[in-house]
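One-letter residues, chain by chain:
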Amino acid sequence: MATRFSEVDRTMHDFFLSGYDVINMFKLHVKTPKQMGITVVGIHNIRSNKIDTYFENSNVIKKSNYLIKLTEKWNSKRSINTEASIIGLIPGLTLSADVIMECNKRSKILKLTSEYHNEYVALNLDTKFKGSKPIINASAVAAYNGLTGGVKVEYSTSKKALNLSKFIMSYMIKNAVFTANVTNMELISGSMFTTYVDRINLGLKCCWSIKHHTGSAVVGSQYQVNKALKLRAKFNNKGQLYIGSSIKINKSAKLTLVNLIECFRFNSSPILIGIGVEFNL
């Protein structure tokens, strides 16, 4: 089955970001069973002592041939997001309308989205209305025999310009994934992910900015010690070493720990830590 454009590089995204996103914070994530559809997230920034909260509630209404999904999102920044989706009206088709209200800015945004996917292609078209000049985004993905290619374009009605915002190619074999993409015709990146042995994963990602003539690189690894414990580490060209672990306490609780060490400024920079606690009730 062809994946959405945003999920073509999901493997690399999860490998290099999942488990590291709690750095310099304490994060509590509580998720109820699907029947209730409630998710609550609280984040305490250790450095600034600032607290942010997020709440999400979703309900699914089952009809004979399709599903209706209603989702409400709220956060402490006074942003309210209400989304209604119709799934499966035609096999592979999803239609959704999303209203975003930013109370602090006194602004409203309407977003209309249509998606279609089958075994070989995934198509997306969304229009964001903010003011009188909507922005149209469209993407297309094709997949065959482990090779996936996708393109995303953006049309601004205010500038009357069509921009090729991103192009991506991915190739998957038995135990490895290779990905290359170009963003805004300025940033070129390539990545590789492989399962070295059953419990060890290795990854490499390199980026080059055509506009600024600068590059970056990061290498990472994961080791699944057992069913309950996973160790991870990554190191980039800025001398930043991330060391973390995920501990599955029981079926419904998981603890995530991460440290950030500035190797190039080891004597002058403090070691940052992060803690995440997740409950799946």
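Residues numbered from 1 in each chain as written. Predicted model: local features only at pLDDT ≥ 70, side-chain atom pairs only at ≥ 80, totals over all residues. Heavy atoms only, no water.

Undergrad: Would you mind showing me how to read the overall build of the chain here?
TA: Broken down by element type, the chain carries one helix and 19 strands. The C-alpha atoms of the chain give 21 Å as radius of gyration, which agrees with the globular expectation for 281 residues (19 Å, within 12%). The principal-axis extent of the C-alpha atoms belonging to the chain is close to 55 × 40 × 40 Å. For the chain, with 281 residues in total, the buried portion stands at 31%. Considering only contacts in the chain between residues 6 or more positions apart, those separated by 24 or more positions represent 24%. (Helix = DSSP H or I, 4+ residues; strand = E, 2+ residues; numbered from the N terminus. Rg over C-alpha atoms; globule rule 2.2 N^0.38 Å. Buried < 20%, exposed > 50% of the residue type's maximum accessible area, 1.4 Å probe, protein only. Contact = heavy atoms within 4.5 Å.)

Undergrad: Would you mind showing me how to read helix H1 (residues 10-17) here?
TA: At 3.6 residues per turn, the α-helix brings residues three or four places apart onto the same side. All of the buried residues along H1 are Met 12, Phe 15 and Phe 16. Viewed end-on, H1 has its buried residues packed into an arc of 85 degrees, placing them on one side of the element. Contacts from the buried residues of H1 go to strand S12 (176-183), strand S13 (187-197), strand S14 (200-209), strand S15 (214-224) and strand S16 (229-236). In the stretch just after H1, Gly 19 is the one whose phi turns positive, near 95 degrees. (Arc of directions from axis to C-beta.)

Undergrad: So what exactly am I meant to see when it comes to the side chain of Thr 113 here?
TA: Considering the arrangement of structural elements, one finds Thr 113 in strand S7 (residues 107-117). Discounting residues that sit within four places of it in the chain, Thr 113 has contacts with Thr 94, Leu 95, Ser 96, Asn 124, Leu 125 and Asp 126.

Undergrad: Please clarify how the environment of Leu 260 should be interpreted in this entry.
TA: Tracing the sequence through the fold places Leu 260 in strand S18 (residues 253-262). In this structure Leu 260 comes out as buried when scored by relative accessible area, which is 6%. In sequence terms Leu 260 and Asn 24 are 236 residues apart; their C-alpha atoms lie 8.6 Å from each other.

Undergrad: I would appreciate a short explanation of the pattern of salt bridges in the present structure.
TA: Opposite charge on two side chains allows them to pair when their charged atoms are near. Evaluation of the coordinates by the stated rule reveals five salt bridges. Arg 10 is the partner of Asp 14 in a salt bridge, and the nearest nitrogen-oxygen pair spans 3.9 Å. Of this pair, Asp 14 and Arg 10 both sit in helix H1, four residues apart, which is roughly one turn of the helix. Residue classification places Arg 10 among the partly exposed positions, given a relative accessible area of 35%. Among the salt bridges present, the one from Lys 254 reaches Glu 278, with a minimum N-O distance of 3.9 Å. Of this pair, Lys 254 sits in strand S18 while Glu 278 sits in strand S19 (residues 272-280); the two residues are 24 residues apart in sequence, bridging distant segments of the chain. (Salt bridge = Lys/Arg side-chain N within 4 Å of Asp/Glu carboxyl O.)

Undergrad: Is there a simple way to think about the nonpolar core in this case?
TA: The nonpolar side chains of a soluble globular protein tend to be buried, and buried together. The biggest cluster of nonpolar side chains holds ten residues, and these are Tyr 20, Val 22, Ile 23, Met 25, Val 41, Ile 43, Tyr 242, Val 258, Leu 260 and Leu 272. Counting residues per element, the ones that place at least two in this core are strand S2 (38-45) and S18. Those residues in contact with Leu 272, other than ones at most four positions away along the chain, are Ile 23, Asn 24, Arg 47, Val 258, Asn 259 and Leu 260. Of all hydrophobic cores here, the second largest spans seven residues; its members include Phe 5, Ala 122, Val 141 and Ala 143. (Core = buried A, V, L, I, M, F, W, Y, C linked by side-chain atoms within 4.5 Å.)

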